[in-house]
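So the chains spell out like this:
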Amino acid sequence: VINAGYELHPDHKGAAEFMRSQQLTDGDIVLAEDVLQQTYYLGQVDYWLIGKTIARRFVKKQGDGVVDFYTGTPVIASVAMLEDLLQKNPQQRIFVIGSGEQQSDNRMSARGRELHAELESAKFETVFLGRDRLTRVLRAVPGAVQASPSTSLQAEKDADALASRAVAAEQAP
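Below you will find a few notes about this structure. None of these values were measured; they are calculated from a predicted model.

**Some details on a nonpolar patch on the surface**
Phase 1 of the analysis: Together, Leu 36, Phe 69 and Tyr 70 make up an exposed nonpolar region whose accessible area comes to about 320 Å².
Phase 2 of the analysis: Tracing the backbone through its elements, the reader meets Tyr 70 in the loop between β4 (65–68) and β5 (75–76).

**Quick word on the sheet that holds strand β6 (residues 94–97)**
Phase 1 of the analysis: As summarised here, the arrangement of the 6 strands in space is β5-β2-β1-β6-β8-β7, forming an open sheet in which the pairing is mixed. Two strands lie at the open edges of the sheet, namely β5 and β7 (124–129), each paired on one side alone.

**Digging into the packing of aromatic side chains**
Phase 1 of the analysis: If you walk through the whole model with that rule in mind, you get 5 aromatic pairs.
Phase 2 of the analysis: Between the aromatic rings of Phe 58 and Phe 69, the centroid separation amounts to 6.0 Å while the plane-to-plane angle is 50 degrees, which identifies the pairing as tilted. Placement of Phe 58 in the loop between α3 (52–55) and β3 (59–62) and of Phe 69 in the loop between β4 and β5 is noted, with a sequence separation of 11 residues between them.
Phase 3 of the analysis: For Phe 58, a relative accessible area of 26% puts it in the partly exposed group.
Phase 4 of the analysis: Between Phe 69 and Tyr 70 the ring centres are 4.8 Å apart and the planes differ by 55 degrees, which places this aromatic pair in the tilted class.
Phase 5 of the analysis: Under the relative-accessibility criterion, Tyr 70 is labelled exposed at 54%.
Phase 6 of the analysis: Counting every residue linked through ring pairs, the aromatic cluster contains Phe 58, Phe 69 and Tyr 70.

Thresholds, definitions, all that
Residues numbered from 1 in each chain as written. Predicted model: local features only at pLDDT ≥ 70, side-chain atom pairs only at ≥ 80, totals over all residues. Heavy atoms only, no water. Patch = residues over 30% accessible without salt bridge, like charges linked within 9 Å, V, L, I, M, F, W, Y side chains within 5 Å. Areas by Shrake-Rupley, 256 points an atom, 1.4 Å probe, with all protein chains shown as cover. Salt bridge = Lys/Arg side-chain N within 4 Å of Asp/Glu carboxyl O. Helix = DSSP H or I, 4+ residues; strand = E, 2+ residues; numbered from the N terminus. Pairing = 2+ DSSP bridges. Phe/Tyr/Trp six-rings, centres within 6.5 Å; stacked < 30°, edge-to-face > 60°. Buried < 20%, exposed > 50% of the residue type's maximum accessible area, 1.4 Å probe, protein only.

Following this line, the structure appears as C-alpha coordinates:
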(Lines give C-alpha, C1' and ligand atoms only; values in the text may rest on other atoms or scores of the structure.)
Protein backbone atom coordinates (compact mmCIF):
# COMPACT_ATOMS: atom_id res chain seq x y z
CA VAL A 1 0.00 0.00 0.00
CA ILE A 2 1.27 3.43 -0.92
CA ASN A 3 0.26 6.22 1.44
CA ALA A 4 1.69 9.70 0.97
CA GLY A 5 0.40 10.69 4.40
CA TYR A 6 -0.58 14.05 5.79
CA GLU A 7 2.55 15.77 4.49
CA LEU A 8 0.80 15.86 1.09
CA HIS A 9 -2.89 15.43 1.90
CA PRO A 10 -5.22 17.57 4.01
CA ASP A 11 -6.81 16.05 7.11
CA HIS A 12 -10.46 16.30 6.06
CA LYS A 13 -11.26 13.06 7.90
CA GLY A 14 -9.66 14.22 11.15
CA ALA A 15 -11.63 17.49 11.05
CA ALA A 16 -14.85 15.54 10.52
CA GLU A 17 -14.01 13.17 13.38
CA PHE A 18 -13.45 16.18 15.62
CA MET A 19 -16.79 17.68 14.58
CA ARG A 20 -18.60 14.41 15.37
CA SER A 21 -16.96 14.48 18.81
CA GLN A 22 -18.61 17.86 19.47
CA GLN A 23 -22.03 16.21 19.71
CA LEU A 24 -23.58 18.63 17.25
CA THR A 25 -27.20 19.60 17.70
CA ASP A 26 -29.70 21.09 15.27
CA GLY A 27 -28.90 24.50 16.77
CA ASP A 28 -25.22 24.33 15.80
CA ILE A 29 -24.08 25.84 12.51
CA VAL A 30 -21.29 24.27 10.48
CA LEU A 31 -19.52 25.99 7.59
CA ALA A 32 -16.95 24.13 5.50
CA GLU A 33 -14.34 25.42 3.12
CA ASP A 34 -14.16 22.05 1.37
CA VAL A 35 -17.87 21.35 1.07
CA LEU A 36 -17.48 18.18 -1.00
CA GLN A 37 -15.18 16.44 1.45
CA GLN A 38 -17.09 17.48 4.57
CA THR A 39 -20.45 16.56 3.03
CA TYR A 40 -18.94 13.15 2.34
CA TYR A 41 -17.63 12.69 5.89
CA LEU A 42 -20.43 14.39 7.86
CA GLY A 43 -23.42 13.82 5.57
CA GLN A 44 -24.10 17.55 5.33
CA VAL A 45 -22.90 20.97 6.38
CA ASP A 46 -24.95 24.13 6.70
CA TYR A 47 -22.87 26.46 4.48
CA TRP A 48 -20.03 26.42 2.00
CA LEU A 49 -17.56 29.17 2.97
CA ILE A 50 -15.56 30.22 -0.08
CA GLY A 51 -14.43 33.43 -1.75
CA LYS A 52 -16.47 35.00 -4.52
CA THR A 53 -13.93 34.25 -7.24
CA ILE A 54 -14.21 30.50 -6.77
CA ALA A 55 -17.85 30.46 -5.68
CA ARG A 56 -19.13 31.99 -8.91
CA ARG A 57 -17.79 29.02 -10.90
CA PHE A 58 -19.55 26.35 -8.81
CA VAL A 59 -22.92 27.78 -7.78
CA LYS A 60 -26.44 27.94 -9.06
CA LYS A 61 -29.44 30.00 -8.06
CA GLN A 62 -31.97 28.02 -6.08
CA GLY A 63 -35.06 29.67 -4.63
CA ASP A 64 -34.00 32.94 -3.01
CA GLY A 65 -30.37 31.96 -2.61
CA VAL A 66 -27.28 30.52 -4.16
CA VAL A 67 -26.06 26.97 -3.54
CA ASP A 68 -23.09 24.83 -4.46
CA PHE A 69 -24.24 22.90 -7.52
CA TYR A 70 -22.69 19.61 -6.37
CA THR A 71 -24.14 19.37 -2.85
CA GLY A 72 -26.95 21.96 -2.76
CA THR A 73 -25.27 23.65 0.21
CA PRO A 74 -25.97 27.41 0.65
CA VAL A 75 -22.96 29.64 0.02
CA ILE A 76 -21.32 32.27 2.22
CA ALA A 77 -18.93 34.22 -0.03
CA SER A 78 -18.26 37.55 1.69
CA VAL A 79 -17.42 39.02 5.07
CA ALA A 80 -20.83 40.70 5.21
CA MET A 81 -22.59 37.38 4.58
CA LEU A 82 -20.50 35.70 7.30
CA GLU A 83 -21.01 38.51 9.82
CA ASP A 84 -24.74 38.55 9.07
CA LEU A 85 -24.87 34.84 9.90
CA LEU A 86 -22.98 35.46 13.15
CA GLN A 87 -25.25 38.39 14.10
CA LYS A 88 -28.44 36.44 13.44
CA ASN A 89 -27.31 33.44 15.49
CA PRO A 90 -25.65 34.83 18.63
CA GLN A 91 -26.65 31.89 20.85
CA GLN A 92 -25.58 29.10 18.48
CA ARG A 93 -22.23 27.40 18.29
CA ILE A 94 -20.79 28.24 14.88
CA PHE A 95 -17.93 26.17 13.49
CA VAL A 96 -15.81 26.69 10.39
CA ILE A 97 -14.07 23.60 9.06
CA GLY A 98 -11.04 24.92 7.23
CA SER A 99 -9.07 23.13 4.57
CA GLY A 100 -5.43 22.16 4.44
CA GLU A 101 -5.51 22.54 0.66
CA GLN A 102 -4.36 25.60 -1.33
CA GLN A 103 -2.03 26.66 1.47
CA SER A 104 0.75 28.21 -0.62
CA ASP A 105 -0.82 31.60 0.15
CA ASN A 106 -2.64 30.59 3.38
CA ARG A 107 -5.84 29.98 1.33
CA MET A 108 -6.14 33.64 0.32
CA SER A 109 -6.69 32.64 -3.32
CA ALA A 110 -9.61 30.44 -2.22
CA ARG A 111 -11.05 32.78 0.42
CA GLY A 112 -10.13 36.21 -0.84
CA ARG A 113 -8.22 38.65 1.36
CA GLU A 114 -11.26 39.94 3.25
CA LEU A 115 -12.63 36.52 4.27
CA HIS A 116 -9.12 35.40 5.15
CA ALA A 117 -8.65 38.39 7.45
CA GLU A 118 -12.04 37.75 9.05
CA LEU A 119 -11.21 34.13 9.81
CA GLU A 120 -7.82 35.10 11.23
CA SER A 121 -9.36 37.80 13.47
CA ALA A 122 -10.20 37.55 17.17
CA LYS A 123 -13.79 36.69 16.15
CA PHE A 124 -12.70 33.07 15.71
CA GLU A 125 -10.65 30.66 17.79
CA THR A 126 -8.94 27.48 16.65
CA VAL A 127 -10.43 24.46 18.41
CA PHE A 128 -8.80 21.72 16.31
CA LEU A 129 -5.60 21.37 14.30
CA GLY A 130 -5.38 18.42 11.92
CA ARG A 131 -2.64 15.85 11.57
CA ASP A 132 -1.44 17.75 8.50
CA ARG A 133 -0.81 20.77 10.80
CA LEU A 134 -2.79 22.90 8.28
CA THR A 135 -6.44 21.85 8.48
CA ARG A 136 -8.15 23.78 11.28
CA VAL A 137 -11.59 23.90 12.79
CA LEU A 138 -12.50 27.34 14.08
CA ARG A 139 -15.30 28.34 16.41
CA ALA A 140 -16.90 31.76 16.40
CA VAL A 141 -16.27 33.56 19.66
CA PRO A 142 -19.68 34.34 21.21
CA GLY A 143 -20.47 38.06 21.15
CA ALA A 144 -17.47 38.94 18.98
CA VAL A 145 -19.66 40.50 16.26
CA GLN A 146 -21.90 43.42 17.07
CA ALA A 147 -25.29 43.79 15.35
CA SER A 148 -25.34 46.24 12.47
CA PRO A 149 -28.21 46.80 10.02
CA SER A 150 -25.71 47.84 7.36
CA THR A 151 -24.10 44.37 7.54
CA SER A 152 -27.42 42.71 6.71
CA LEU A 153 -27.97 45.07 3.79
CA GLN A 154 -24.47 44.41 2.43
CA ALA A 155 -24.95 40.66 2.89
CA GLU A 156 -28.14 40.85 0.81
CA LYS A 157 -26.32 42.82 -1.90
CA ASP A 158 -23.47 40.30 -1.94
CA ALA A 159 -25.90 37.38 -2.17
CA ASP A 160 -27.84 39.10 -4.97
CA ALA A 161 -24.63 39.78 -6.91
CA LEU A 162 -23.56 36.16 -6.54
CA ALA A 163 -27.03 34.98 -7.62
CA SER A 164 -26.89 37.24 -10.68
CA ARG A 165 -23.55 35.78 -11.68
CA ALA A 166 -24.88 32.27 -11.15
CA VAL A 167 -27.90 32.92 -13.38
CA ALA A 168 -25.69 34.45 -16.05
CA ALA A 169 -23.37 31.43 -15.92
CA GLU A 170 -26.32 29.02 -16.17
CA GLN A 171 -27.60 30.82 -19.26
CA ALA A 172 -24.22 31.00 -20.99
CA PRO A 173 -23.79 28.63 -23.95
